[in-house]
Number of protein chains: 2
Amino acid sequence: MLQKITPAEEAAGLTEFWSQRVLASANGDLFKVARGTGSTEWHSHDDQDETFLLLSGELTVQLRDGDVVLSPGDLLVVPRGVEHRPRAEGEARFLLVGPEVTSTAAGGKPAWSYAGGAPDRS
Amino acid sequence: MLQKITPAEEAAGLTEFWSQRVLASANGDLFKVARGTGSTEWHSHDDQDETFLLLSGELTVQLRDGDVVLSPGDLLVVPRGVEHRPRAEGEARFLLVGPEVTSTAAGGKPAWSYAGGAPDRS
């Protein structure tokens, strides 16, 4: 029997900011949740588009040519190779869709692929 | 400059029930919105998993071994080949994620792939 998933509840259970929890997989894409406060570093993903769907709070996705401010229910696709920096004044919870986990709290270092440099996997 | 999308607003603009509007594409998957009332026929998609994310209303996804009732914010992945029948008592609006449009109002006939039979594209 298939089970439904409630991403908002899954996000609430996360203890590490900007770390992603995989909820489901379909057609080679993962559905992941994360919660964020403050911001990440500027980065891009060379191998995958990243889709944000905001669940709660407010999330500003900074881009080199301007900011996109997401309210709950809003969706934004950041194409591969596009530098971005998600930032939340308070706390934002969001769903991410893409083929791989792009940030992990393991070791406190995200395994992002940085534009213009080697991925920081230290 | 990237633009955000508000699926709930896009769904509100749909005039045909169970017809899908493509909002965005990422990693080979389409993000689509639809609104439904009543139900579709029982069907399955042999070539793709179908992910439902409910935006508003209530949507029951009937499966051969039971029903899954979705509330707003709930997510359900229906794997390829699994027969299902979405049904809404009132009106449900939802986001769908998958590589192709699986229902269109063109001609009033969905281009579903029916389990056990040839796709009905008449």
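Note that this is a predicted model, so its numbers are computed, not measured.

A. How the structure looks around the overall build of chain A. The helix and strand inventory of chain A stands at 1 helix and 7 strands. Along chain A, helices and strands appear, N-terminal first, in the series α-β-β-β-β-β-β-β. The long-range fraction of contacts in chain A, counting pairs at least 24 apart against all pairs at least 6 apart in sequence, stands at 63%. Accessible surface for chain A amounts to roughly 5300 Å². Of this, 47% is attributable to carbon and sulfur atoms.

B. The arrangement of the relation of the copies chain B and chain A in detail. With an RMSD of 0.0 Å, the fit of chain B onto chain A corresponds to turning through 180° and sliding 0.0 Å along the axis. Considering both components of the superposition, the chain copies are consistent with a two-fold axis. Within chain B, D29 of chain B has its C-alpha nearest the rotation axis, a separation of 4.1 Å. Of the interface residues in chain B, 100% have counterparts in chain A that sit at the interface too, so the contact is made through matching surfaces.

C. Inspection of the nonpolar core at higher detail. Core analysis: the biggest nonpolar cluster contains 26 residues, and F31, L75 and L95 of chain A together with F31, L75 and L95 of chain B have the highest contact counts within it. Put simply, the parts of the chain that give this core at least two residues each are β1 (21–26), β2 (29–39), β6 (75–78) and β7 (84–98) of chain A together with β1 (21–26), β2 (29–39), β6 (75–78) and β7 (84–98) of chain B. What L95 of chain A contacts, discounting residues up to four positions off in sequence, is P7, L23, F31, K32, V33, T51, F52, L53 and L55 of chain A together with L53 and L75 of chain B.

D. Seen up close, the confidence of the model for chain A. All names here are of chain A. Per-residue pLDDT for chain A has a mean of 86; in total, 84% of the residues score no lower than 70. Note on residues 111–122: pLDDT under 50 across the span, and 28 contacts to partners over four residues away in sequence or across chains. Two summary scores accompany this predicted model of the complex, namely pTM at 0.86 and ipTM at 0.85.

E. A look at the packing of aromatic side chains. All names here are of chain A. Summed over the entire model, instances satisfying the criterion amount to 4 aromatic pairs over all chains. For the ring pair W18 and F94, a centre distance of 6.0 Å and an interplane angle of 50° mean the geometry is tilted. One end of the pair, W18, is in the loop between α1 (7–12) and β1; the other, F94, is in strand β7, with 76 residues separating them in the sequence. Of the two residues examined, W18 and F94, each falls in the buried class. Ring geometry for F52 and F94: centres 5.7 Å apart, planes at 40°, overall tilted. Highlighted residues: F52 in strand β3 (residues 50–56) and F94 in strand β7, separated in sequence by 42 residues. The same class applies to F52 and to F94, which are both buried. By the ring-pair criterion, three or more aromatic residues cluster together here, those being W18, F52 and F94. A cation over an aromatic ring shows up here: R64 above the ring of W42, its NZ or CZ 3.8 Å from the ring centre.

F. Spatial organisation of the pattern of salt bridges. Residue and element names in this part refer to chain A. Inspection of every chain in the model, using the stated rule, returns 16 salt bridges over all chains. Across the pair R35 and E91 runs a salt bridge whose closest N-O atoms are separated by 2.9 Å. On the criterion of sequence distance, the pair formed by R35 in strand β2 and E91 in strand β7 is long-range, its members being 56 residues apart. Each of R35, E91 and R93 takes part in a single network of salt bridges with overlapping partners.

G. Representation of the interface of chain B and chain A in the model. Contact residues are listed per partner, giving 38 residues for chain B and 38 residues for chain A. Each partner contributes to the roughly 2700 Å² buried at the junction of chain B and chain A, and carbon and sulfur atoms together form 62% of this total. Its largest share of buried area at the contact with chain A, chain B owes to L2, N27 and L75 of chain B, together 25% of the area lost on that side. The interface formed by chain B and chain A holds 2 salt bridges in total.

About the thresholds
Residues numbered from 1 in each chain as written. Chains lettered and ligands numbered in written order. Predicted model: local features only at pLDDT ≥ 70, side-chain atom pairs only at ≥ 80, totals over all residues. Heavy atoms only, no water. Helix = DSSP H or I, 4+ residues; strand = E, 2+ residues; numbered from the N terminus. Contact = heavy atoms within 4.5 Å. Areas by Shrake-Rupley, 256 points an atom, 1.4 Å probe, with all protein chains shown as cover. Least-squares fit on C-alpha atoms with pLDDT ≥ 70 in both. Core = buried A, V, L, I, M, F, W, Y, C linked by side-chain atoms within 4.5 Å. Buried < 20%, exposed > 50% of the residue type's maximum accessible area, 1.4 Å probe, protein only. pLDDT = per-residue confidence, 0-100. Phe/Tyr/Trp six-rings, centres within 6.5 Å; stacked < 30°, edge-to-face > 60°. Lys NZ or Arg CZ within 6 Å of the ring centre and 35° of its normal. Salt bridge = Lys/Arg side-chain N within 4 Å of Asp/Glu carboxyl O. Buried area = accessible area lost by both parts, 1.4 Å probe.

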